[in-house]
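# Results of the structural survey
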Amino acid sequence: MSADIDERLDSFFAEARAGRPDTSAREMNFETRVMASIRERRAAAVSWYALIWRMVPAFAVIAAIAVVCSMTFNPAPSSDLFAAITTGQDEYMTKSLLTGE
């Protein structure tokens with residue numbers, strides 16, 4: 001009985017191997033479908049340089065605010081060439097004279 005089952009299984013497998021699947025429906029317009037899916041993916045993805053161009057107005061506003069703030073809050077320049085070095089020196093000298101340090 002097992003030999004009969006084995007023969008039947010072998011014949012089924014042989015028929016399955018011999019039969020070719022019909023792929024003509026899948027092959028029809030394959031290139032068109034592939035190109036359409038590629039176009040769809042490209043349309044959905046936003047490239048990095050497009051994002052940069054969209055961010056330019058925001059960066060321009062930030063730069064303009066920085067320029068306005070630096071011009072508005074900039075202290076009057078000193079005519080003393082050593083102002084950067086001696087700033088706060090008078091206060092230190094006064095404290096040291098008054099406290100004796």
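Here, every reference points to the structure presented above.
Summarised in this report is the structure supplied together with it.

Parameters at a glance
- Residues numbered from 1 in each chain as written.
- Predicted model: local features only at pLDDT ≥ 70, side-chain atom pairs only at ≥ 80, totals over all residues.
- Heavy atoms only, no water.
- Helix = DSSP H or I, 4+ residues; strand = E, 2+ residues; numbered from the N terminus.
- Buried < 20%, exposed > 50% of the residue type's maximum accessible area, 1.4 Å probe, protein only.
- Patch = residues over 30% accessible without salt bridge, like charges linked within 9 Å, V, L, I, M, F, W, Y side chains within 5 Å.
- Areas by Shrake-Rupley, 256 points an atom, 1.4 Å probe, with all protein chains shown as cover.
- Salt bridge = Lys/Arg side-chain N within 4 Å of Asp/Glu carboxyl O.
- Lys, Arg positive; Asp, Glu negative; His and termini not counted.
- Charge placed at Lys NZ, Arg CZ, Asp CG, Glu CD.
- Expected span 1.5 Å × (residues − 1).
- Bend = angle between axes of the 7 residues up to and from the residue.

### Focus on the overall build of the protein
Each helix and strand counted, the protein has six helices and zero strands in total. Burial analysis of the protein (101 residues in total) assigns 2% to the buried set.

### Structural notes on a nonpolar patch on the surface
A cluster of nonpolar residues, W48, Y49, I52, W53 and V56, forms a patch on the protein surface that exposes about 640 Å² of accessible area. Along the chain, W48 falls in helix α4 (residues 48-72). In this structure W48 comes out as exposed when scored by relative accessible area, which is 62%.

### A word on a negative patch on the surface
A contiguous patch of negative charge, built from D4, D6, E7 and D10, is present on the exposed surface. Tracing the backbone through its elements, the reader meets D10 in helix α1 (residues 2-18).

### Description of α4
Taking 1.5 Å per residue, 25 residues should reach 36 Å; α4 reaches 36 Å between its end C-alpha atoms and fits that length. Remark: the principal bend of α4, roughly 40°, maps to M55, with a proline, P57, within the next four residues.

### Some details on unusual backbone geometry
One non-glycine residue with positive phi stands out, namely N29, at about 60°. In this structure, N29 sits in the loop between α2 (24-27) and α3 (30-44).

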